[in-house]
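Each chain is listed here by its residues.
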Number of protein chains: 4
Amino acid sequence: MTDNQKNPAMTPPMGWNSWDCYGASVTEEIVRKNALYMAEHLKAFGWEYIVVDIQWSEPTAENHTYHNFAELEMDAYSRLQPAPNRFPSSAGGKGFGPLSAFVHDLGLKFGIHIMRGIPRQAVHRNTAILGSTVTARQIAAQHSVCPWNTDMYGVDPAREGAQAYYNSLFEQYAEWGVDFVKVDDIANHYPTAEIEQIEQAIRACGRPMVFSISPGPTPLQKAEHLKQHVNMWRITDDFWDHWEQLYDMFERAESWCIHACPGHFPDADMLPVGPILQDYGPDGWTGFTQDEQITMLTLWCMLRSPLMIGGELTGLDAFTRSLLTNPDILEILKHSHSAHPVYRRGEKGREEIVWMATHDTEGYYVALFNADLQEKEITVDIQQLSLPGEYTVTELWTGTDCPSGTRITAVVPAHGAKAYRLHRI
Amino acid sequence: MTDNQKNPAMTPPMGWNSWDCYGASVTEEIVRKNALYMAEHLKAFGWEYIVVDIQWSEPTAENHTYHNFAELEMDAYSRLQPAPNRFPSSAGGKGFGPLSAFVHDLGLKFGIHIMRGIPRQAVHRNTAILGSTVTARQIAAQHSVCPWNTDMYGVDPAREGAQAYYNSLFEQYAEWGVDFVKVDDIANHYPTAEIEQIEQAIRACGRPMVFSISPGPTPLQKAEHLKQHVNMWRITDDFWDHWEQLYDMFERAESWCIHACPGHFPDADMLPVGPILQDYGPDGWTGFTQDEQITMLTLWCMLRSPLMIGGELTGLDAFTRSLLTNPDILEILKHSHSAHPVYRRGEKGREEIVWMATHDTEGYYVALFNADLQEKEITVDIQQLSLPGEYTVTELWTGTDCPSGTRITAVVPAHGAKAYRLHRI
Amino acid sequence: MTDNQKNPAMTPPMGWNSWDCYGASVTEEIVRKNALYMAEHLKAFGWEYIVVDIQWSEPTAENHTYHNFAELEMDAYSRLQPAPNRFPSSAGGKGFGPLSAFVHDLGLKFGIHIMRGIPRQAVHRNTAILGSTVTARQIAAQHSVCPWNTDMYGVDPAREGAQAYYNSLFEQYAEWGVDFVKVDDIANHYPTAEIEQIEQAIRACGRPMVFSISPGPTPLQKAEHLKQHVNMWRITDDFWDHWEQLYDMFERAESWCIHACPGHFPDADMLPVGPILQDYGPDGWTGFTQDEQITMLTLWCMLRSPLMIGGELTGLDAFTRSLLTNPDILEILKHSHSAHPVYRRGEKGREEIVWMATHDTEGYYVALFNADLQEKEITVDIQQLSLPGEYTVTELWTGTDCPSGTRITAVVPAHGAKAYRLHRI
Amino acid sequence: MTDNQKNPAMTPPMGWNSWDCYGASVTEEIVRKNALYMAEHLKAFGWEYIVVDIQWSEPTAENHTYHNFAELEMDAYSRLQPAPNRFPSSAGGKGFGPLSAFVHDLGLKFGIHIMRGIPRQAVHRNTAILGSTVTARQIAAQHSVCPWNTDMYGVDPAREGAQAYYNSLFEQYAEWGVDFVKVDDIANHYPTAEIEQIEQAIRACGRPMVFSISPGPTPLQKAEHLKQHVNMWRITDDFWDHWEQLYDMFERAESWCIHACPGHFPDADMLPVGPILQDYGPDGWTGFTQDEQITMLTLWCMLRSPLMIGGELTGLDAFTRSLLTNPDILEILKHSHSAHPVYRRGEKGREEIVWMATHDTEGYYVALFNADLQEKEITVDIQQLSLPGEYTVTELWTGTDCPSGTRITAVVPAHGAKAYRLHRI
């Protein structure tokens, strides 16, 4: 990933992912519906990826709970295929090609989820590997199993045929027109050689693809390796709509902020906004308050985390749409650098937290967060940010121009945030 | 330390400290000689503090090795005083007042070292505490002893009289005209209440003083407390002229860089340059190569570490003087922010390392480091720094203008560094 | 196992196990040959168990290296069966019944090895469980896999059908006439509920069977549970013919000695004596010296470890036969208690080590061990064993009567041992 | 301590110690009173040591709380002396000679407590060391301080003069007629070289003295060193009259039981029975129930722990006297070996616990303990103790003959114990 001309993630990817609303059970119809919505309402703001999450090869998947040992759709070369009952256009061995073409025709990009490894059913049936004389049994890392899903065995990268297997996967994904791959069961335990083997397969397939790894927490000690081999990496386990998880993200963001750079971004996970958990019925709706959602978007943008919407797009309400389509906020994601916390002050769990970032051509961003359960007046002395002189100050969520000078003062709601653009006078 | 008007360390302090060249044995004559040199040759570049390091109350101190349990000069109130045989102007109870006045008359500032706690000899003699009815025995933390020096017992901050004791110390230091206090045996184990008690005594004494704590490593978890209560804190144990220690500082600097801010700076320790270890004879000279010294200064400035010269100033050679008086390099220290590593790449121990920082009004700094034993060509794609557009590029150690554009390329010597100023075209 | 009338291991079991000489590949013919040898030459000295070790259901097993994911012989109820090509008498669904009958007819007892859990192939084929409406998939602990063998998934003891599955196994073993079961992949990580479920199945099957668990080290903290639920438990990982492993056993024996009691014994693993590793050709022979073998037998007997011969019996030489048929030594195993080390003295790795035990009706045993590489004179003051008075002293390996009195003195060979019987005069 | 002829602790020492009832403040008058009582009432049962515990050189000591940095009575050679106001017979430099003679005249033995190290006041005054040209400052381990008492610095055993200092101490103790030394601040952190230096001083002084070390827990890994260099070592921190501490002792006793041998015993600490804490007034009385005290004595005797009475002897009531003078129980202490737990069974914290030991000429001891809060019937199958045949059974606390045979059955009170003597029929 050293040649930036081909790096498909020079800024943090933005898109939609099916997990938060459909678990393992999303269908082609739903994907198309969300793609259409994105093309119409969100694309203009930079949203572009449509990602089909886990177990698209499992015909009977119902929701976020897996069917252990379920039979998966697989080709003769040990490669999982979309289940045709869920993705009808894949019938006849066409895989995700037709769905991908549909997404591309909308001016969007298409992504899929895969599990590290080779299907256990391939191993127990001992099926073939394309481009190799070895069979599935011979490349399986026989004792390497995912702790939460029964689909795969790991692949032992030292075995003959291992690279051929991964190459055969990504060649097919390239044929399908895949632009983004979220590789799961790999980031937290970080099998370095297997990660490099997958990266190698991506490079070899001839089509640029974002290489995303999951689930976190990815070890901080791997930061330099990540910045050479991976586009985005999860910094937590699955993130859901609970304040404790959002609050906890501040500390993780502090640890990772210096490692965000073009092509390589720490990933704070999907945004559980709007209608989520739709696989359990229509009642799912994010548990976050509006202020918490503003806090989340502000922090994700300051950190330059990729943004992946978790809710069913067609059910977004006005607030959520406004949250996701504020161009001034999204500009932080695309045009800032050197973000870092300035301080966390006050009682543990109730702090005021201040971050700053630098705009890539002129001026600065400052974000104020209030972790307390009550609103709080927060004042920042701009000189304390090592910024001399006087500044104009605009609050970006509201578009309000604040008094110019050397201070920023605001009443920040409970669990809420303010985001400012500063220009030097 | 919330009122910046009074914060005496809005930028990282710069000065000279007696430890590296004289250990525990510096004398008034030496201090005066160094102050004169600084006033004449270094002051114009921002150097201003003259700091007398450990055991100035020990009449028989000879070098870096302590005389265990030596009798110390002490007043009736359990307060250590300069040993008059070493600091003649202190005779008659004048303490450091006359020496401090001498330093101030040169337009410089005066600093001293103290050990946390109360002299063991005060405790065993049970002497008085000024401004309190309790005696030395009653405030001593009887089992709290420094692991490397026998002078003191800790003070138990919960005891009546503890604050009075520290107040009595700093009242005297204020009378003497002290501008800087390096408090030792306190940063690594971080006794929070005792640190706050010392800070309180400094604030109460009526004279601004830089509050420096030692030795490191200070725990990273204390970063937020440090940014509220301490001006500078050591991030390592004693730093000497060995490449391994210098190389190791890159990792520590990475951990601490986001916490440097006006008034509060991580301290990478004294600069062991020029003639050091003079207490063992005239043969002491830094073991660092010139390139390693350039690496050190560049890293310290990018990190915004305080700079304290460790060598005997009157013996500086031309190279060392040039090292310490490059205004473009020292400007990084005073006019940058948001410094952080961009990447470390290559085999462990031989990496190329790139840092960037932002100038506080316009443009950027980029530093290239070569940890390898051989010179290495290093190329940085400026776009990878999240900086769009084209830039003029000047190397600051040599003053060379490099080709403008989107790349920086240099052959960096073994263990050496390059420092660049970038202006957007 | 509270009713001793039914406990089949009131003294430590003694027998032969196929692992050390044949790995996974032993055949019926070999088993019969060894049983015949035992009946003729060893039975009179207390040897009685013939144990078929791992993977008797794997048709293609060749040696100590497993064939990953090999097809196993299995019945319709997910139960592994002997591979008929290796155990011809099992053909037609007879299992180990005929072989067991052959062993019983010789006056011996028959044992088998099993892996904890349910065959992976049963799970992926989703076969039936006898006596239950659930299927293999439903009881598999889907992420619980053995780290060194691919045959099984663990069974989740909380699932409906789990007890039924284990019951169905042991009912079949009871029909076959099995007297001893070595359950593998269970002792070191100690899944308590699964262990109790297996014990329950043994009790329910109506036939007394020794319940042996493997591999070690079994956690010492489980000692009390072991003394209620298990007959013998491995205290190390696999033990082979290397002095380091034998030396290391002294420390393990010290930790476990107080927990040996009727029905429940710490297991120091098989005795790798005589011709071992026969699956790789006829050249395998124990690497232990004769003195080391004497040390091993002496320590195993003092500890009251079960004794399982690892070598091919028909190839035993005169020395090995004498080692295994010394009635005075074997009597320690059956008629002593309260064994413990008295001291280890000298440089680490070269100590003299002294153990004592009490005979169950009269007198004592004392063992001297020399861990040094050179012979050493060792003298024990009997009074130091808390034994007053004077004693007759007989060395048991040689049958030599030593001088009576209050001391034992011997020149003990390098890595060798002496074992004494003491009678009070 | 290899020559048993001179080992003064071939069986576990029994005596009285002043700590539990008087803390640091015992006086000569009290010591004499207790010695007289012991000679009259307890000596016949084996009790013989009278031990003066901590700070006998502190003139102002009042109770269990120390006066930090108090002036201590000391001779010109840095050696602490009895405070004459508390020990009048020591006046005129006679030390403990007269008191020791008084105790000896009663047919008893005399012991003292010392802290490891050299008085801090000697170090700060830099006083002389007898038999050496070095002074106190030179042998002090300047950073080695006790965490709970301010009297001493450790001695650095590598320094010249260190052995001379310890020799000078024990020469004086030998002159005084000391028979037992409890060395404090040494067992838990186990400074091996300093322990050996003290042992060497004891051996060199020409008088047998029991070498006892404190406080625990002594590290189990030091067992072999202890059995060569120390007579008794504490296995816990201070033991007081709380059930939790008594219950906890079962686990410690299990760990240490195999290491009790003539001359070397694990020490479960003083027996807090009868009137304790007399330095706070006459109301102190053990918080243990009578059954708990029976449990304690039984466990201590089975373990062969030294027995040191903690209560004021002259205030013992009839029960406590009976507890301490049961010859059948005390015989376990002197005539058993190979004690060990047989099992702990039942819910954690409420177990029934069974121990066995072997009499040194004939028969066995069995102890039943009930950790539960309710009485419980406990039955032991004697065969489970590896003891074949039938036995007569006598309960030792009550002297009751129980039914002969192969079982022991008793209703054991809450927190109580039964102790049995078995003879084979």
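Scroll up for the structure.
Residues numbered from 1 in each chain as written. Chains lettered and ligands numbered in written order. Predicted model: local features only at pLDDT ≥ 70, side-chain atom pairs only at ≥ 80, totals over all residues. Heavy atoms only, no water.

(A) Spotlight on the overall build of chain A. Counting its secondary structure elements, chain A contains 12 helices and 19 strands. Here chain A has a C-alpha radius of gyration of 22 Å; the compact-globule value for 425 residues is 22 Å, and the two agree. Looking at chain A as a whole, 65% of its 425 residues qualify as buried. Sequence-distant contacts, at least 24 apart, represent 73% of the contacts inside chain A between residues at least 6 apart. A total of about 14,100 Å² of accessible surface is found on chain A, and carbon and sulfur atoms cover 49% of it. Of note, chain A has its 32 positive side-chain charges centred 4 Å away from the centre of its 54 negative side-chain charges. (Helix = DSSP H or I, 4+ residues; strand = E, 2+ residues; numbered from the N terminus. Rg over C-alpha atoms; globule rule 2.2 N^0.38 Å. Buried < 20%, exposed > 50% of the residue type's maximum accessible area, 1.4 Å probe, protein only. Contact = heavy atoms within 4.5 Å. Areas by Shrake-Rupley, 256 points an atom, 1.4 Å probe, with all protein chains shown as cover. Lys, Arg positive; Asp, Glu negative; His and termini not counted. Charge placed at Lys NZ, Arg CZ, Asp CG, Glu CD.)

(B) Representation of the arrangement of the chains within the structure. In this assembly chain B lies apart from chain C, the nearest approach of their C-alpha atoms being 32 Å. One finds no contact linking chain A with chain D; the least C-alpha distance across the pair is 32 Å.

(C) Structural view of the sheet that holds strand E2 (residues 49-52) of chain D. Residue and element names in this part refer to chain D. Spatially, the 8 strands line up as an open sheet ordered E10-E9-E8-E7-E3-E2-E1-E11, and their pairing is parallel. Of all the strands in the sheet, the pair left with one neighbour each is strand E10 (265-267) and strand E11 (307-309). Neighbouring strand axes in the sheet, compared pairwise and without regard to direction, differ in orientation by 25° on average. Alignment of strand E1 (residues 14-17) against E11, held across 3 bridges, turns out to be parallel. Across the sheet, the residue bridging to Met14 is Leu307, located in E11. Each of E1, E2 and E11 touches helix H2 (residues 28-42); the most contacted strand, E2, lies at about 165° to it. Running over the sheet, helix H3 (residues 97-105) touches E2 and strand E3 (109-115) and is turned about 145° from E3. (Pairing = 2+ DSSP bridges. Axes fitted to C-alpha atoms, helices over the stretch in contact; angles between N-to-C directions.)

(D) Spotlight on the interface of chain D and chain B. Between chain D and chain B, the contact holds 19 residues from the first and 19 residues from the second. Counting the surface lost from both chain D and chain B, the interface buries some 1,500 Å², and carbon and sulfur atoms represent 57% of this. Together, Phe69, His124 and His143 of chain D form the three largest contributors to the area buried by chain D at its contact with chain B, with a combined 43%. The tally of links from chain D across to chain B stands at 2 salt bridges. As a salt-bridge pair, Arg137 of chain D and Glu71 of chain B come within 3.9 Å of each other at their nearest N and O atoms. Our count for the contact surface shared by chain D and chain B stands at 12 residue pairs in polar contact (both at pLDDT 80 or more). (Buried area = accessible area lost by both parts, 1.4 Å probe. Salt bridge = Lys/Arg side-chain N within 4 Å of Asp/Glu carboxyl O. Polar contact = N/O pair within 3.5 Å; in protein donor to acceptor, adjacent residues only side chain to side chain.)

(E) View of the interface of chain A and chain B. Chain A puts 37 residues into the contact, and the matching count from chain B is 37 residues. Taking both partners together, chain A and chain B bury about 2,900 Å²; carbon and sulfur atoms supply 45% of that area. Across the contact surface, chain A and chain B share 0 salt bridges. Seen at the junction of chain A and chain B, the total is 14 residue pairs in polar contact (both at pLDDT 80 or more).

(F) Spatial organisation of the relation of the copies chain A and chain B. Between the two copies, chain A and chain B, the superposition gives an RMSD of 0.0 Å; the rotation angle is 180° and the shift along the axis is 0.0 Å. Taken together, the rotation and translation relating the two chain copies correspond to the operation of a two-fold axis. Among all C-alpha atoms of chain A, that of Ser338 of chain A lies closest to the rotation axis, at 3.0 Å. An overlap of 100% is found between the interface residues of chain A and their copies at the interface of chain B, pointing to a shared contact surface. (Least-squares fit on C-alpha atoms with pLDDT ≥ 70 in both.)

(G) The packing of helix H6 (residues 162-176) of chain D against helix H7 (residues 192-205) of chain D, seen in detail. All names here are of chain D. For the pair H6 and H7, interaxial distance at closest approach is 8 Å and the crossing angle is 45°. The angle between H6 and H7 places the two elements in the oblique class. Crossing geometry of H6 relative to H7 is assigned as right-handed. Every residue of H7 that contacts H6 at Ala162, Gln163, Tyr166, Asn167, Phe170, Glu171 and Ala174 is listed here: Glu194, Gln197, Ile198, Gln200, Ala201, Ile202, Ala204 and Cys205. The residue inventory of the contact of H6 with H7, partitioned by class, reads 9 nonpolar, 4 polar and 2 charged. (Parallel < 35°, antiparallel > 145°, perpendicular 65-115°, else oblique. Left-handed = near helix turned anticlockwise from the far one by under 90°. Nonpolar A, V, L, I, M, F, W, Y, C, P; charged D, E, K, R; others polar.)

(H) Examining the relation of the copies chain D and chain B more closely. After a rotation of 180° and a shift along the axis of 0.1 Å, chain D superposes on chain B with an RMSD of 0.0 Å. Both copies contact each other with a shared surface, as 95% of the interface residues of chain D are interface residues in chain B too.

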